[in-house]
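Commentary on secondary and tertiary structure
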Amino acid sequence: HISAGTKLKMQSGSGGADITTSGDMGINSTGRVSIGGAEIAIGSGTGGLSAGRVTVVTENDLFFESDEVITHHAPYINTVADTQNTLVSPLTLMTNDCHIQGDLRVQGNLHVEGDIVTSGNIACNGSTGITIPNGDVIIDHPTVPGTSISLKEVENELNSLDRTALVVTVTPEEDDED
């Protein structure tokens, strides 16, 4: 039993210090607990630092900060938030596939450097629709199975028309119900 009335200080040279127990070990304080060193290795289990589980529980914030890199590495990483998960970064890079179960809401532009492949519909609810400065939109022909329509080809055909003889008549649809 070691007891101190005001402060207990232990110091060791380059050989280090080990505390070993076969039972539970607790470090409790009503003040701040500080662990420092060139590297802090926290491990669990009987197989050394690579076995078991490390649980961190707090009633308030859990804050990690690094001047270099924070790395999480595991076969599966689960991040669970009851209300919102916020990533604040000038650039977020996700490599390989990204599966989103639910809606993807983008406040800003969506830049795609590949194909957009959908098994459902694409709906444009804005006033400007879709603008495609370069490239094309290919849609399945609505009445001829196995064929498609290129909007770029439609645009080229319209631009090649003799506009001096072009007359466009717009007729409103009649209501079939009486």
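Residues numbered from 1 in each chain as written. Predicted model: local features only at pLDDT ≥ 70, side-chain atom pairs only at ≥ 80, totals over all residues. Heavy atoms only, no water.

Considering the overall build of the protein
For clarity, the cut-off: Numbering of helices and strands runs from the N terminus; a helix is a DSSP stretch of H or I covering at least four residues, while a strand is a stretch of E covering at least two. Buried, partly exposed and exposed residues are distinguished by accessible area as a fraction of the type maximum, computed with a 1.4 Å probe on protein chains only: under 20%, between the cut-offs, and over 50%, respectively. For accessible areas, the Shrake-Rupley method is used with a probe of radius 1.4 Å. Any residue's cover is judged against the shown protein chains and nothing else.
Scanning the protein from N- to C-terminus turns up one helix and two strands. The order of α-helices and β-strands along the protein, N terminus first, is β-β-α. Within the span of the protein, comprising 178 residues, buried residues form 1% of the whole. Total accessible area on the protein is roughly 19200 Å²; 48% of this is exposed by carbon and sulfur atoms.

A short note on the layout of surface pockets
So the rule is basically this: Method remark: on a 1 Å grid restricted to protein atoms, a set of points is classed as a cavity if a 1.4 Å probe fits but cannot get out and as a pocket if it is open with protein on both sides within 12 Å along at least five of seven lines; lining residues have an atom within 4 Å of a point. Grid points are joined across faces, edges and corners, and a volume is the space filled by probe spheres set on the points. By the convention adopted, Pro, Cys, Tyr, Trp, Phe, Met, Ile, Leu, Val and Ala count as nonpolar, Lys, Arg, Asp and Glu as charged, and the other residues, Gly among them, as polar.
Space inside the second largest pocket adds up to approximately 1300 Å³. Along the walls of the second largest pocket sit 20 residues, with Val56, Leu62, Phe63, Phe64 and His72 positioned nearest its centre. Here the lining of the second largest pocket is composed, by residue class, of eleven nonpolar, seven polar and two charged.

Re unusual backbone geometry
For residues besides glycine, phi is generally negative; the peptide bonds are generally trans as well. With a phi close to 65 degrees, asparagine 96 is a non-glycine residue in the positive phi region. Structurally, the position occupied by asparagine 96 is in the segment before strand 1 (138-140).

A look at the confidence of the model for the protein
Our working definition: As a per-residue measure, pLDDT tells how confident the predictor is, with possible values from 0 to 100.
Of all residues in the protein, 88% attain a pLDDT of 70 or more, and the chain-wide mean is 80. Ranking the elements of the protein by mean pLDDT puts strand 1 last, at 76, and helix 1 (residues 151-159) first, at 80.

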